[in-house]
Amino acid sequence: MGVSKGKNAKYVPVKQSNTMTYVLGGIAVLVVIVVVIGGVLLLSKKEGTPADKVTAAINGATPVFVLGKDDAKTKLTFFEDPYCPACGNMERNYGEQITKGIEDGSLQIKFFMLSFLNQQSPSRDYSDRAGGGLLAIAKSSLPDDQKQKAWLGAHSAMYAQQPQEGSGDRDNAGLATVMADGAKSKGVELPADVIAAIRDGKYTAESATNAAAGSKLMQEIGSTGTPTVVKDGELLKVQGDWLTQAMA
């Protein structure tokens, strides 16, 4: 199935106002903070959301991207923000294993790309623009197998050259170059209209709409940080050999 539109840690940004990034009104929230390594929280989540409710919520939503085959043995759901340092760490540490699983048919992933870190970027919309770049690839006329390779390459390159949170940024022309080079590394030349769509920010607004829906879903399943990884209704700790265990 091709891409359909539509040491790691969970990262919870602190806004300038010092308020929580997500306010779960009317719900008692237990926040567990295990330890901080290199300025990144290892775990911050709301406890007690039953697995069946998490599964029902995810199954009732429309993921922005789906990579891998429907009959894959392991099915995961990812919530990421393109500007999130911990998401970048996850891709850099586990991206090769993830790509292999998707390409050999053993792994399918539903991706929800968020943008709650937009305001931390100098442009105030980096996450939405990066998500829009991935949408341009997903909406392209490339054959499904080529589209999936291109998306994986662009996604990997996006994180490999991730701007530094709070000070770094990249304009649309830069995103187009990074993503085109990433796709090329997987053997796929992005069509000119796709490169133009990324450069022109054609899908930035749609990416923002998708991100808002994804953020709401992430709150609903009981998570307050990215990356969030879910398997069979359970929120996984993205630490150590978690992926091998999840795919066992």
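Keep in mind that this is a model prediction, so the values were computed, not measured.

What to know about the packing of aromatic side chains
Here the structure, examined in full by the defined rule, presents six aromatic pairs. Measuring from ring centre to ring centre gives 5.4 Å for Tyr83 and Tyr126, while their planes differ by 55°; the resulting arrangement is tilted. Taken together, the residues Tyr83 in the loop between strand 4 (74-80) and helix 2 (85-103) and Tyr126 in helix 3 (residues 126-138) connect sequence positions 43 residues apart. We note that Tyr83, like Tyr126, is buried.

As for the pattern of salt bridges
Pairing is possible between side chains that carry opposite charge, provided their charged atoms lie close to one another. Going through the model one piece at a time under the given rule, you end up with seven salt bridges. Measuring nitrogen to oxygen at the nearest pair gives 3.2 Å for the salt bridge that ties Lys139 to Glu206. With Lys139 in the loop between helix 3 and helix 4 (144-160) and Glu206 in helix 7 (residues 204-220), the pair connects residues that are 67 residues apart, well separated along the chain. Bridged by salt links that share partners, the residues Glu103, Lys149 and Lys186 form one connected network.

Here's the deal with the environment of Thr228
In this fold, Thr228 is placed in strand 6 (residues 228-231). A polar atom in the side chain of Thr228 sits 2.5 Å from the side chain of Ser223. Looking at Thr228, its side chain comes within polar contact range of the main-chain oxygen of Gly225, at 2.6 Å.

What to know about the packing of helix 4 against helix 5 (residues 172-185)
With their axes 7 Å apart at the nearest point, helix 4 and helix 5 run at an angle of 125° to one another. Viewed along their axes, helix 4 and helix 5 adopt a mutual orientation that is oblique. The way helix 4 lies across helix 5 gives a crossing that is right-handed. Residues Ala150, Gly153, Ala154, Ala157 and Met158 of helix 4 lie in contact with helix 5, whose contacting residues are Val178, Met179, Gly182 and Ala183.

Here we look at the sheet that holds strand 6
The strands that make up a sheet pair up through hydrogen bonds in the backbone, lying either parallel or antiparallel. With respect to topology, five strands assemble into an open sheet ordered 3-5-4-6-7, the strand pairing being mixed. The open sheet terminates on both sides in strands that have one partner only, identified here as strand 3 (65-67) and strand 7 (234-236). Neighbour-to-neighbour, the strand axes of the sheet open up by a mean angle of 25°, direction not taken into account. Here helix 2 sits on the sheet and contacts strand 3, strand 4, strand 5 (107-113) and strand 6; the angle it forms with strand 5, its principal contact strand, is near 145°.

Notes on the side chain of Thr204
Checked against the element boundaries, Thr204 lands in helix 7. Using a relative accessible area of 17% as the deciding quantity, one classes Thr204 as buried. Dropping the residues within four chain positions of it, Thr204 is found in contact with Asp128, Arg129 and Gly132.

Looking at the nonpolar core
Grouped together as the largest cluster of nonpolar side chains are 61 residues, with contacts concentrated most on Phe65, Leu76, Phe78, Leu190 and Trp242. If one sorts the elements of this core by residue count, helix 3 sits on top with seven residues. Excluding residues that lie within four positions of it along the chain, Trp242 makes contacts with Leu76, Phe78, Met90, Tyr94, Val229, Leu236 and Lys237.

A look at the environment of Ser215
Relative to the assigned elements, Ser215 resides in helix 7. Residues Ser215 and Glu80 lie 135 residues apart in sequence; the distance between their C-alpha atoms is 9.8 Å.

So, unusual backbone geometry
The step from Thr226 to Pro227 runs through a cis peptide bond, and the omega angle for that step is 0°. The topology assignment puts Pro227 in the loop between helix 7 and strand 6. Even without being a glycine, Asp232 presents a positive backbone phi close to 50°. Inspection of the secondary structure puts Asp232 in the loop between strand 6 and strand 7. Its relative accessible area of 60% is what places Asp232 among the exposed residues.

Observations regarding the pairing of strand 6
Pairing of strand 4 with strand 6 involves three bridges; the strand directions are antiparallel. Residue pairing in the sheet places Phe78 in a bridge with Val229 of strand 6. In terms of strand pairing, strand 6 meets strand 7 through three bridges, oriented antiparallel. Among the inter-strand pairings, Lys231 is bridged to a residue of strand 7, identified as Glu234. As consecutive antiparallel partners, strand 6 and strand 7 are separated by two residues, and within that stretch Asp232 has a phi angle of approximately 50°, a positive value.

The rules behind these values
Residues numbered from 1 in each chain as written. Predicted model: local features only at pLDDT ≥ 70, side-chain atom pairs only at ≥ 80, totals over all residues. Heavy atoms only, no water. Phe/Tyr/Trp six-rings, centres within 6.5 Å; stacked < 30°, edge-to-face > 60°. Helix = DSSP H or I, 4+ residues; strand = E, 2+ residues; numbered from the N terminus. Buried < 20%, exposed > 50% of the residue type's maximum accessible area, 1.4 Å probe, protein only. Salt bridge = Lys/Arg side-chain N within 4 Å of Asp/Glu carboxyl O. Polar contact = N/O pair within 3.5 Å; in protein donor to acceptor, adjacent residues only side chain to side chain. Axes fitted to C-alpha atoms, helices over the stretch in contact; angles between N-to-C directions. Parallel < 35°, antiparallel > 145°, perpendicular 65-115°, else oblique. Left-handed = near helix turned anticlockwise from the far one by under 90°. Contact = heavy atoms within 4.5 Å. Pairing = 2+ DSSP bridges. Core = buried A, V, L, I, M, F, W, Y, C linked by side-chain atoms within 4.5 Å.

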